[in-house]
Amino acid sequence: MQLILDLRPTVLFATPSATVFLAEYVKGQMNMDPRDMGFKKGFMAGEAMAEEDRRRIEEEWGITARSYYGMADVAADMASECGEGEGMHFCGQGLILAELVDPASLEPVEMSDGAEGEIVYTHIDREATPVLRYRCRDWVRVYTSPCACGRTSFRFSVLG
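Everything in this summary refers to the structure shown in the same document. Please read all numbers here as calculations on a predicted model, not as lab measurements. (Residues numbered from 1 in each chain as written. Predicted model: local features only at pLDDT ≥ 70, side-chain atom pairs only at ≥ 80, totals over all residues. Heavy atoms only, no water.)

Bringing the packing of helix α2 (residues 16–29) against helix α3 (residues 51–61) into the picture now. Angle between the axes and distance between the axes are the two parameters that describe a pair of packed helices. Where α2 meets α3, the closest approach of the two axes is 10 Å, and the angle between their N-to-C directions is 30°. Taken together, the axes of α2 and α3 lie roughly parallel to each other. The two elements α2 and α3 meet at a crossing, and its hand is left-handed. Contact residues: α2 offers Pro 16, Thr 19, Val 20, Leu 22, Ala 23, Glu 24, Val 26 and Lys 27, while α3 offers Arg 56, Ile 57, Glu 60 and Trp 61. For the contact of α2 with α3, the class distribution of residues is seven nonpolar, one polar and four charged. (Axes fitted to C-alpha atoms, helices over the stretch in contact; angles between N-to-C directions. Helix = DSSP H or I, 4+ residues; strand = E, 2+ residues; numbered from the N terminus. Parallel < 35°, antiparallel > 145°, perpendicular 65-115°, else oblique. Left-handed = near helix turned anticlockwise from the far one by under 90°. Contact = heavy atoms within 4.5 Å. Nonpolar A, V, L, I, M, F, W, Y, C, P; charged D, E, K, R; others polar.)

Put into structure tokens, the structure is as follows:
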């Protein structure tokens, strides 16, 4: 925490639950308001962030909190929310094929606006440790309608 005070970073990158824990630490152990730490933005990764958690994090830290998504087995940076905050934009086009499947039958689910299912990944051009239809067990809702930010990739929210 001393490094944060010394270096004054402006972006907090953590899991939503760690962000809540850190806020309690800053208030209880450092006798400071988390807003005084100087963060402006937060990228929350590693677990799904419920809207109530987002509101609490934004209020407590005085930041704009956005979801960020990746995994070691596929790619560290596969999706992130834009300023519109309406799902995470898939950023792996040309490198990763993302599909939606029914988790019970493994039958494909059409990637249409509002569709839900398990998202699975296949590497397109990875020579070392490629994955084929990798089941990450994330249940998602897909958004294919145009985003106001102008990006054209599909978006998704992790539901569980």
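From this point on, the discussion continues.
Turning to the pattern of salt bridges, a few remarks are in order. Evaluation of the coordinates by the stated rule reveals nine salt bridges. With its nearest N and O atoms 3.6 Å apart, the salt bridge here joins Arg 56 to Glu 24. Of this pair, Arg 56 sits in helix α3 while Glu 24 sits in helix α2, placing them 32 residues apart in sequence. You can call Arg 56 partly exposed: its relative accessible area is 38%. Glu 24 sits in the partly exposed class, given a relative accessible area of 45%. Taking the shortest distance from any N to any O, the salt bridge between Glu 116 and Arg 141 comes out at 2.6 Å. Highlighted residues: Glu 116 in strand β8 (residues 116–123) and Arg 141 in strand β9 (residues 134–143), separated in sequence by 25 residues. Take Arg 141: its relative accessible area is 29%, and that puts it in the partly exposed class. Linked through salt bridges whose partners overlap, the residues forming this network are Glu 24, Lys 27, Arg 56 and Glu 60. (Salt bridge = Lys/Arg side-chain N within 4 Å of Asp/Glu carboxyl O. Buried < 20%, exposed > 50% of the residue type's maximum accessible area, 1.4 Å probe, protein only.)

Purely geometric stuff here, so don't read any function into it on its own.
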